[in-house]
Amino acid sequence: NENLVVANGRLVKSVRTEGGMRTWTYSEGSPIPPYCMIIGVGDFFSRSIEKSTRTPLVYYVPHSDRDYAPKGFAPSVEALQLFSQTVGPYPYDKLALIVGATRFGGMENSSAIVFTSTLFNAKPTAKLSIPFGIPTGTEGVIAHEIAHQWFGDSVTESTWADLWLSEGFATYFSGLFVQKYDGEESFRQYMKEAAERVLAFETKSRLPIHDRDTEDLFKLLNANNYQKGAWVLHMLRTQLGDMAFFRGVRLYYQAHTHSIADTEDLRKAFEKASGRNLKPFFNRWIYDSGHPQYEVSWKWLEKQRSISVTVNQSQSGGAFMDPIPVVIETTAGTVTMSFTPTAKTSTQNLRVKAKPTRVQVDPNDTLLKEVTYK
């Protein structure tokens with residue numbers, strides 16, 4: 001067998017030279033971040049993936065994976081299509097999927113992703129779990145790394161403090177892939193597991209997502225930049241609505257394609273798309289630390305035919321002012337209302353037609369939070 005060479009960009013030619021050597025020439029037509037440059041050499045089995053998008057899609061795997069690779073890499077076609085439709089055209093000339101040597105589950109080198117040698121060990125696709133920002137099931141890992149081709153590779157964060165613009169986006173877009181192809185329940189479980197990672201991280205570390213203080217850059221590969229970043233995007237999507245949210249994503253991407261961007265660039269894109277002032281949201285969720293810890297109590301005011309709801313936020317630091325969905329079950333049916341905090345402790349009267357039997361705060365998990373009831 002003869003070694004194959006794969007690198008960023010388009011293969012221009014492969015020619016034999018004197019002495020039995022072979023020269024491979026690749027040409028990269030788009031600017032790429034230095035950390036995404038790669039040359040891979042190995043005794044690979046390589047094939048193009050049929051029914052792919054306009055983008056040439058090819059995999060390079062050890063011969064031991066040659067039989068499973070077509071099935072294992074099948075999600076890449078759908079991921080490319082979904083992200084191209086959602087964000088913009090794929091930004092490079094080709095996409096190579098390489099099973100090789102990397103210390104991570106995957107490394108998003110521009111147009112030449114390298115996955116860990118154990119990628120296909122969990123056959124068929126494993127249950128989604130998130131040990132290091134990305135699911136261990138092949139679907140999630142592949143979607144995560146392909147999402148990076150837009151976020152992190154084509155649009156690169158301008159400082160390490162903005163790392164969430166790469167990892168948060170890739171984590172959330174992997175979730176969007178789960179939502180589309182595995183369904184709403186799987187997506188909710190994906191986000192629930194992401195939230196659990198954030199809450200566990202915050203018991204040990206109280207740092208903002210936009211972290212200028214951590215000097216050991218590998219320590220930035222944490223739940224803040226992966227899962228909390230994904231949750232910030234999910235909450236923006238919930239509060240702005242799908243139309244404005246995805247318009248904002250496209251505006252951000254189009255303005256910074258093959259360039260760099262920071263958190264303020266993203267905020268401005270979402271503000272342009274939605275017409276809303278998002279400085280308070282970004283200040284609290286990105287530049288500050290923690291999450292809301294709601295202590296909820298309520299009482300029925302029969303004469304006023306309303307329920308008095310009190311929400312106390314027990315977390316350290318300032319209040320989170322995000323609207324809170326409140327689901328009220330009554331003898332006459334169930335109603336959903338919005339509670340908007342005005343301070344760390346807020347009380348509001350919500351009119352209902354009948355006596356409540358149960359009150360739930362954000363039961364559909366649209367906010368990253370903890371809730372206790374009094």
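This one's a predicted model, so the numbers in the text were calculated from it and none came from an experiment.

A. Quick look at the packing of helix H7 (residues 242-256) against helix H8 (residues 263-274). Relative to each other, H7 and H8 sit at 130 degrees, their axes nearing to 8 Å. What the angle tells us is that H7 and H8 run oblique. Classified by chirality, the crossing of H8 by H7 is right-handed. Between H7 and H8, the contacting residues are Ala244, Phe245, Arg247, Gly248, Val249, Leu251, Tyr252 and His256 on the first element and Asp265, Leu266, Ala269, Phe270, Lys272, Ala273 and Ser274 on the second. Its residues placed into classes, the contact of H7 with H8 shows nine nonpolar, three polar and three charged.

B. Structural detail: the pairing of strand E13 (residues 306-313). Burial runs high along E13: six of the eight residues are buried. With eight bridges connecting them, strand E12 (residues 293-301) and E13 associate as antiparallel partners. Paired with Glu295 across the two strands is Asn312, which belongs to E13. Connecting E12 to the next strand, E13, in antiparallel fashion are four residues, including Arg305 with a positive phi near 50 degrees.

C. Summary view of the sheet that holds strand E18 (residues 370-373). The mixed open sheet is built from four strands, whose spatial order is E16-E13-E12-E18. In the strand order of this sheet, the two ends are held by strand E16 (345-351) and E18, each with one partner. When strand polarity is set aside, the average angle formed by the axes of neighbouring strands in this sheet is 25 degrees. Note that E12 and E18 share four bridges and pair parallel. From the neighbouring strand, Glu295 faces E18, where its bridge partner is Thr372.

D. Examining the packing of helix H5 (residues 184-202) against helix H6 (residues 224-240) more closely. Their axes nearest at 9 Å, the elements H5 and H6 cross at an angle of 125 degrees. With respect to H6, the axis of H5 lies oblique. Here the hand of the crossing between H5 and H6 comes out left-handed. When H5 is examined against H6, the residues Phe187, Met191, Ala194, Ala195, Arg197, Val198, Phe201 and Glu202 are found in contact with a partner set consisting of Asn224, Gln227, Lys228, Ala230, Trp231, His234 and Arg237.

E. Looking closely at the sheet that holds strand E8 (residues 106-107). Within the open sheet, the five strands sit side by side as E5-E6-E7-E9-E8. Their pairing is mixed. Edge positions in the sheet fall to strand E5 (45-48) and E8, since each has one partner strand and no second. As paired elements, strand E7 (residues 95-99) and strand E9 (residues 112-115) share four bridges and run parallel to each other. Among the inter-strand pairings, Ala96 is bridged to a residue of E9, identified as Ala112. Contacts between helix H3 (residues 138-147) and the sheet are confined to E7, E8 and E9, with E9 contributing the most and set at about 145 degrees to the helix.

F. Seen up close, the packing of aromatic side chains. Counted according to the given criterion, the structure contains 23 aromatic pairs. Here the aromatic rings of Phe44 and Tyr60 are separated by 5.8 Å at their centres, their planes lie at 80 degrees, and the arrangement is edge-to-face. Here Tyr60 lies in strand E6 (residues 57-61) and Phe44 lies in the loop between strand E4 (39-42) and E5, a separation of 16 residues in the sequence. Of the two residues, Phe44 and Tyr60, both sit in the buried class. For the pair Phe151 and Phe173, a centre-to-centre distance of 5.2 Å together with 50 degrees between the ring planes defines the contact as tilted. With Phe151 in the loop between H3 and strand E10 (155-157) and Phe173 in helix H4 (residues 164-182), the pair connects residues that are 22 residues apart, well separated along the chain. For the pair formed by Phe151 and Phe173, the shared burial category is buried.

G. Inspection of the nonpolar core at higher detail. In terms of nonpolar packing, the biggest core is built from 87 residues, with Phe73, Phe83 and Phe270 touching the most fellow members. Top contributing element to this core by residue count: H4, with nine residues. Among all residues touching Phe270, those that are not within four sequence positions of it are Leu233, Leu236, Leu240, Phe245, Gly248, Val249, Leu278 and Phe282. Val5, Ala7, Ala112 and Val114 belong to the second-largest nonpolar core, a separate cluster that totals 12 residues.

Cut-offs and rules
- The residue numbering used here restarts from 1 in each chain and proceeds along that chain's sequence as written.
- Thresholds applied to this predicted model are a pLDDT of at least 70 for local features of residues and 80 or more for the giving and counting of side-chain atom pairs; totals over whole chains, interfaces and linings are not thresholded and use all residues.
- For side-chain calculations, the full set of non-hydrogen atoms in the structure is used, while hydrogens and water are omitted.
- Orientation is described by lines fitted to C-alpha atoms, with helices fitted over the stretch in contact, and by angles between N-to-C directions that extend from 0 to 180 degrees.
- Only DSSP runs of H or I covering at least 4 residues are called helices, and only runs of E covering at least 2 are called strands; the numbering of each starts at the N terminus.
- Under this scheme an angle from 65 to 115 degrees is roughly perpendicular, one under 35 degrees roughly parallel, and one over 145 degrees roughly antiparallel; angles in between are oblique.
- Should the near helix be turned anticlockwise from the far one by less than a right angle, the crossing is left-handed, and should it be turned clockwise, the crossing is right-handed.
- Whether two residues touch is decided by their heavy atoms; if any such pair falls within 4.5 Å, the residues are in contact.
- Polar here means any residue outside two lists: the nonpolar Ala, Val, Leu, Ile, Met, Phe, Trp, Tyr, Cys and Pro, and the charged Asp, Glu, Lys and Arg; Gly therefore counts as polar.
- Buried means the residue's accessible area, taken with a 1.4 Å probe over protein chains only, is under 20% of the maximum for its type, while exposed means over 50%, and partly exposed covers the values in between.
- In this description, strands pair whenever DSSP reports at least two bridges between them.
- Two rings from Phe, Tyr or Trp (for Trp, the six-membered ring) form a pair when their centres sit within 6.5 Å of each other. Planes less than 30 degrees apart are called stacked, planes more than 60 degrees apart edge-to-face, and all others tilted.
- Remark: nonpolar core denotes a set of buried residues (Ala, Val, Leu, Ile, Met, Phe, Trp, Tyr, Cys) joined through side-chain atoms within 4.5 Å.

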